[in-house]
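Residue strings, one per chain:
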Amino acid sequence: MALPVSFEFFPPKTPEGAEKLRAVRQQLYGQKPEFCSVTYGAGGSTQQGTFDTVGAILAEGVDAASHFSCIGATKASVREQLTTLKAMGVKRLVALRGDLPSGYGIGGEFHYASDLVAFIRAETGRDFHIEVAAYPEVHPQAKSPESDLQAFATKVRAGADSAITQYFYNSDAYFRFVDEARKLGVDAPVVPGIMPITSSTQLMRFSDACGAEIPRWIRLRLQAYGDDIASIKAFGLDVVTDLCDQLRNAGVPALHFYTMNQSVATLEIVKRLGLG
């Protein structure tokens, strides 16, 4: 049986970026994704961009999931956005707390993603399939691995249907996380988030910011390649394809690719896995 795939994009900031993303989407649609998700900026800064990109994907005949963050939001503002998304034909949401914009205290009526999930369910019933985030290597702001796992369980019990993980390169971290969630009675599907490696500096920067671990052997190999972009990309394809293979062999429910609005690496990995 073919393994379902999904792709994540971020809202382009320029008309040229929008044009380029349109071409990237067309290339990736050949893989028949289950859905494509669109991220959301801090403090709702890209909300309109998110909704515009979601609308474009739906118009192209593909299921689209809107990221939906609640930092600084009120119940009234969330209610209004849910109405907008429903009218657009959106059936999936990725419900997140969201990042605090710099110099911004926690305002609004939602303090946790679980509050948002519970509110969406209370307001809209089963109108939306709700995804939440999972952190196999622990959320960078969590007090402890145990409290992070409890926070995840709370989101699922609040009404989430499934979860997408932060990216990782150590499959054991994912398996351990799922096992521990199951022990807490959480049986929602946990879909691994996959980040292709195409640039070592970008990967290091992202990983430091979001708390994703880069195994030492990968870090050392990337450093050894220096500015040799072709070698970095070839190594990245091998590493990530092997990771996806391990995950598939263990029976994961699907794979979710963080495309960074590029198609080449994701397409190559999907092709190597024989999913395309």
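My aim in this report is to walk through the structure given alongside it, one point at a time. (Residues numbered from 1 in each chain as written. Predicted model: local features only at pLDDT ≥ 70, side-chain atom pairs only at ≥ 80, totals over all residues. Heavy atoms only, no water.)

Section: the overall build of the protein
Scanning the protein for helices and strands turns up ten helices and eight strands. If you line up the protein on its principal axes, its C-alpha atoms span 50 × 45 × 45 Å. Looking at the protein as a whole, 48% of its 276 residues qualify as buried. Restricting to contacts in the protein with at least 6 residues of sequence separation, those with at least 24 account for 78%. Roughly 13,000 Å² of accessible area belongs to the protein as shown, and the carbon and sulfur atoms make up 52% of that amount. Charged side chains of the protein number 27 positive and 30 negative; the gap between the two group centres comes to 1 Å. (Helix = DSSP H or I, 4+ residues; strand = E, 2+ residues; numbered from the N terminus. Buried < 20%, exposed > 50% of the residue type's maximum accessible area, 1.4 Å probe, protein only. Contact = heavy atoms within 4.5 Å. Areas by Shrake-Rupley, 256 points an atom, 1.4 Å probe, with all protein chains shown as cover. Lys, Arg positive; Asp, Glu negative; His and termini not counted. Charge placed at Lys NZ, Arg CZ, Asp CG, Glu CD.)

Some details on the pairing of strand 6 (residues 162-167)
Each regular strand displays side chains that alternate between the two surfaces of the sheet. With six of six residues buried, strand 6 is to be regarded as a mostly interior element. Sheet topology places strand 5 (residues 129-134) next to strand 6; four bridges connect them, and they run parallel. Paired with Ala133 across the two strands is Ile164, which belongs to strand 6. In this view, the connection linking strand 5 to its parallel neighbour strand 6 by way of helix 5 (residues 145-157) has right-handed handedness. (Pairing = 2+ DSSP bridges. Right-handed = clockwise from strand over helix to strand, strands pointing away.)

Remarks on the packing of aromatic side chains
Across all of its chains, the model carries eight aromatic pairs by this definition. Geometrically, the ring pair formed by Phe7 and Phe257 is tilted, given 6.1 Å between the ring centres and 40° between the ring planes. Of this pair, Phe7 sits in strand 1 (residues 5-9) while Phe257 sits in strand 8 (residues 255-258), and the two are 250 residues apart along the sequence. Overall, the relative accessible area of 0% leaves Phe7 in the buried class. Assessed through its relative accessible area of 0%, Phe257 is described here as buried. Ring geometry for Trp217 against Phe235: centres 6.0 Å apart, planes inclined by 90°, an arrangement best described as edge-to-face. With Trp217 in helix 8 (residues 216-225) and Phe235 in helix 9 (residues 229-249), the pair connects residues that are 18 residues apart, well separated along the chain. (Phe/Tyr/Trp six-rings, centres within 6.5 Å; stacked < 30°, edge-to-face > 60°.)

Describing the nonpolar core
Phe152, Tyr169, Leu255 and Phe257 are the most contacted members of the largest nonpolar core, which totals 84 residues. Here this core gets eight residues from one element, more than from any other, and that element is helix 9. Phe152 has contacts with Val132, Ala133, Ala134, Ala163, Phe177, Ala181, Val186 and Val190, leaving out every residue within four places of it along the chain. (Core = buried A, V, L, I, M, F, W, Y, C linked by side-chain atoms within 4.5 Å.)

Regarding the sheet that holds strand 8
With parallel pairing, eight strands are arranged side by side around a closed barrel as 1-2-3-4-5-6-7-8. Ignoring strand direction, the axes of neighbouring strands in this sheet form an average angle of 30°. The pairing of strand 1 with strand 8 spans four bridges and is parallel. Bridge assignment links Val5 to a residue of strand 8, and that residue is Leu255. Set on the sheet, helix 4 (residues 113-124) makes contact with strand 3 (64-69), strand 4 (92-96) and strand 5; between it and strand 4 the angle comes to about 145°. (Axes fitted to C-alpha atoms, helices over the stretch in contact; angles between N-to-C directions.)

Observations regarding the side chain of Thr124
Along the chain, Thr124 turns up in helix 4. Within polar-contact distance, the side chain of Thr124 engages the backbone oxygen of Ile120 at 2.6 Å. (Polar contact = N/O pair within 3.5 Å; in protein donor to acceptor, adjacent residues only side chain to side chain.)

What about helix 9?
Its 21 residues place the ends of helix 9 30 Å apart at the C-alpha level, agreeing with the 30 Å of an ideal helix rising 1.5 Å per residue. Turning to helix 9, its buried residues number three or more, namely Ile232, Phe235, Gly236, Leu237, Val239, Val240, Thr241, Leu243, Cys244 and Leu247. Where helix 9 is buried, its residues touch helix 6 (171-183), strand 7 (190-194), helix 7 (200-210), helix 8, strand 8 and helix 10 (264-272). Just downstream of helix 9 lies Gly251, where phi reads positive at about 85°. (Expected span 1.5 Å × (residues − 1).)

Notes on unusual backbone geometry
Of note in the backbone geometry, Lys32 takes a positive phi value of approximately 50° without being a glycine. Positive phi, close to 60°, is recorded for Asn261, a residue that is not glycine. Within the fold, Asn261 resides in the loop between strand 8 and helix 10.

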